[in-house]
Amino acid sequence: MKAAVLYEPKSRFVVEDVEVQEPKHGEVMVRMVAGGVCHSDLHVVKGDMVAPLPAILGHEGAGIVERVGEGVTNVRKGDHVIPLWRLSCGQCEWCLGGRPALCDAAAQIRSTGCLLDGTSRFRKGSTEIKHFAGVSTFASLSVMMEQAVVKIRNDIPLEKAALVGCGVITGVGAVVNAAQVRPGASVAVFGTGGVGLNVIQGAALVGAGKIIAVDLLDNKLECAREMGATHEINASQTDPVANIKELTGGQGVDYAFEVIGLPETISQSVEVLRKRGVAVIVGVTRREATIALETFPMVFQERTVMGSIYGSARPRVDVPALIDLYMAGKLKLDPLLTRTYPLEQINEAYDALERGETARSVVTFS
Ligand code: COD
Ligand code: ZN
């Protein structure tokens, strides 16, 4: 099968033939149809986020079950599925407590680059190739745990459905599950890429009032308006904090979301809060980064700062529900998918993302 392998940080993807082994007990083999080009993989490419390498990256995608290993009961050959980049074992404290995005087994898979039995299903000659986030969606045939796939209806085009597995659920979920934004509330969103646009879409879905989009690029801000932003600020031309204060009568916003992963924009997202405001950090910085927090307003204005991973979601429930919303015309996926590339052009797809030319693109497999 063909896959995009990253051998070391700060290098390009190598698209090549990789050997894939049969799924073992509790595992499924998925024929990938689309793999989402998300910025988080780029953090690994740049070395800002550490993952065991060499690995087949990709954590967003959609495909069709090709084969199932022994004991698999949730899905069967031919099912359309979305891989979950944080599986939920269903047994740990976090899964049982309704927080499957914090599953302990998912953390193990991510840190080892192996499936739950501690081994990998990918090889290139004598070299073991690791799994990424347990799903490795940049592979024409990928093997993952049964708990890492969710079955979806088969009447949605898979290149659209792919976006739901990361960008959509992460962004919409940050609004709905983490912040629990109230109708009429004011919202600021720092960073309107593939994930930030879905924070905007989530805010629009729950009936937020002002939805203020902040980015450095006008084309991203145009897309933000299409997704439901009511105001746009180009932070390369003006101070976003002063501007947000001005747009809210000097008060600030009820909710601010940081969807970039920079200490300076995380600080800005806290500075723009009004009384009882909540800042939600979605972007991941370099590991050693810290921010300074002005303590007085934390107490006297009762501010909250929180993080959100995977939209603080319950993906098995939320992924099919989001797909139903799209099919009912209530969730936007079409404007998000800017371009489709063959897997062979994955490096070009990431170059375009870095240049800010695409909101979301997917690679497809011939
Ligand atoms: N001010 C305003 N906007 C900025 C600034 C700035 N200083 N710097 C960059 N931006 C804008 C860019 O122009 C771009 O539009 C946007 O920020 C970033 O968008 P993308 O499309 O490059 O990135 P996404 O949306 O695919 O991913 C954003 C994340 C924050 C999710 C990602 O970078 C990240 O931190 N991932 C790690 C966390 C994680 O694992 N999340 C779950 C999987 S995605
Ligand atoms: Zn992602």
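The sections below set out a description of the structure shown in this document. (Residues numbered from 1 in each chain as written. Chains lettered and ligands numbered in written order. Predicted model: local features only at pLDDT ≥ 70, side-chain atom pairs only at ≥ 80, totals over all residues. Heavy atoms only, no water.)

In this section: the site of ligand 1. What surrounds ligand 1 is a group of 26 residues, the closest being H39, S40, D215, V284 and R360. Between ligand 1 and H43, the relevant distance is 2.8 Å, taken from an oxygen atom to a side-chain nitrogen or oxygen of the residue. In this structure, R360 approaches ligand 1 through a side-chain N or O atom, which is 2.8 Å from an oxygen atom. Surface burial for ligand 1 is 92%, taken as the share of its 890 Å² of free accessible area covered by protein chains. Of the residues contributing to the shell around ligand 1, the split by class is 13 nonpolar, 10 polar and three charged. (Near = heavy atom within 4 Å. Polar contact = N/O pair within 3.5 Å; in protein donor to acceptor, adjacent residues only side chain to side chain. Areas by Shrake-Rupley, 256 points an atom, 1.4 Å probe, with all protein chains shown as cover. Nonpolar A, V, L, I, M, F, W, Y, C, P; charged D, E, K, R; others polar.)

A few words now on the sheet that holds strand β8 (residues 122-124). Pairing in this open sheet of six strands is mixed, and the strands run β2-β1-β5-β9-β8-β3 from one edge to the other. Edge positions in the open sheet fall to β2 (14-17) and β3 (19-20), since each of these has one partner strand only. The sheet contact formed by strand β1 (residues 2-6) and β2 spans four bridges and is antiparallel. Considered in β2, the bridge of V5 is made with V14. (Pairing = 2+ DSSP bridges. Helix = DSSP H or I, 4+ residues; strand = E, 2+ residues; numbered from the N terminus.)

With respect to the helices, strands and loops of the structure, G277 is situated in strand β16 (residues 273-281). Judged by relative accessible area, G277 falls into the buried class, the value being 0%. When the C-alpha atoms of G277 and T304 are compared, they prove to be 6.3 Å apart, with 27 residues separating the residues in sequence. Setting aside residues up to four positions removed in sequence, G277 forms contacts with V253, D254, E302, R303 and T304. (Buried < 20%, exposed > 50% of the residue type's maximum accessible area, 1.4 Å probe, protein only. Contact = heavy atoms within 4.5 Å.)

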